[in-house]
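Okay, here's what each chain looks like letter by letter:
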Amino acid sequence: MSRRRWLMAGLVGGVLLPLVAPWAQSAETQAEQSLRKAIQTYVTTWNAHKLKAWSAMLTDDIWYTEADDFYQRMKGREAVLVFHGDSVKRSDIRWDVQRIKLMPDGSATVVLKHTALIPPRKDGKYARTFESDPSLSRWRLEGQRWKMFYFTSYKGYALVEMKKDGIE
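Quick caveat: nothing in here was measured; it's all calculated off a predicted structure.

**Q** Mind showing me how you'd approach unusual backbone geometry here?
**A** The phi torsion of most residues other than glycine is negative, and most of the peptide bonds are trans. With an omega of 10 degrees, the peptide bond running from P119 to P120 counts as cis. If you trace the backbone, P120 turns up in strand β4 (residues 108-122). Cis geometry is found at the peptide bond from D133 to P134, where omega equals 5 degrees. With respect to the secondary-structure elements, P134 resides in strand β5 (residues 125-142).

**Q** Just to check I follow, could you spell out the pairing of β5 for this structure?
**A** Pairing of β4 with β5 involves 12 bridges; the strand directions are antiparallel. Opposite R121, over in β5, you have Y126 as the bridge partner. Hairpin connection, β4 to β5: the antiparallel pair is bridged by 2 residues, and D123 has positive phi, about 55 degrees. Note that β5 and strand β6 (residues 145-152) share 7 bridges and pair antiparallel. Across the sheet, residue L136 finds its bridge partner in β6, namely T152. Between β5 and β6, which follow one another and run antiparallel, lie 2 residues, and G143 among them has a positive phi close to 70 degrees.

**Q** Would you take a moment to explain the packing of aromatic side chains for this structure?
**A** Between two aromatic rings, the relevant description is the distance of the centres plus the angle of the planes. One pass over the full model with this rule turns up 9 aromatic pairs. On the basis of an interplanar angle of 80 degrees and a centroid distance of 5.9 Å, the ring pair of Y42 and W139 is categorised as edge-to-face. With Y42 in helix α2 (residues 27-47) and W139 in strand β5, the pair connects residues that are 97 residues apart, well separated along the chain. In terms of burial, Y42 and W139 fall into one category: buried. Consider the rings of W46 and W54, whose centres lie 5.4 Å apart with planes at 90 degrees: the pair is edge-to-face. In this structure W46 comes out as buried when scored by relative accessible area, which is 2%. On the basis of relative accessible area, W54 is assigned to the buried category, the value being 0%. An aromatic cluster is built from Y42, W46, W54, Y64, W95, W139 and F151, whose rings are joined through pairwise contacts. Looking at R138, its charged tip hangs above the ring of Y150, at a distance of 4.9 Å from the centre.

Rules used in this analysis
- The written sequence of each chain sets the order in which its residues are numbered from 1.
- Owing to the predicted nature of the model, reporting of local features is limited to residues with pLDDT of at least 70; listing and counting of side-chain atom pairs is limited to 80 or more, with chain, interface and lining totals taken over all residues.
- In computing side-chain properties, one takes all heavy atoms of the structure into account and sets aside hydrogens as well as water.
- Helix and strand definitions here come from DSSP, where helices need a minimum of 4 consecutive H or I residues and strands a minimum of 2 consecutive E residues; each element is numbered from the N-terminal end.
- One bridge is not enough; two strands pair if DSSP finds at least two bridges between them.
- Working definition: rings of Phe, Tyr and Trp (its six-membered ring) pair if their centres are within 6.5 Å, and the pair is stacked with planes under 30 degrees apart, edge-to-face with planes over 60 apart, and tilted otherwise.
- Each residue gets one of three labels from its accessible area relative to the maximum for its type: buried under 20%, exposed over 50%, partly exposed in between, using a 1.4 Å probe on protein chains only.
- For a ring to carry a charge above it, either NZ of a lysine or CZ of an arginine must fall within 6 Å of the ring centroid while also lying within 35 degrees of the normal to the ring plane.

Coordinates in, geometry out; function isn't part of it.
What follows is the structure in structure tokens.
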């Protein structure tokens, strides 16, 4: 008798689990998927050299630091545009997302490997590349769109911020 119950429970679980799984997707998973799309859009927009569209993905109060200018932490979208506008116009980037942590306040911390790709390109290769691993970006929803409010490709800052956010 006990054996028959286990068999029935197994059959019911095997039939119902695939039906329930799509509805069991958590809000975090949906948020992470939409954030991954925003990150891909960010990279695509940079690589299309669309400065205005790229800057629209930044918050007004962004903190932005590049590894080669870590002494120049820029605060605010306008400062970032002045300092990095030419980089957006003349270089490409590649971001390899390593970890995403959704924070209790609704923001998200993204650990990534940032690669700056400097033209000209010859035979499919860039003249220079610069990798920064780890780099860190933070995002928050403004309206229905994810926008980046913090970025650093400077490893020292990235490691400190990762520790603050409990990502090590």
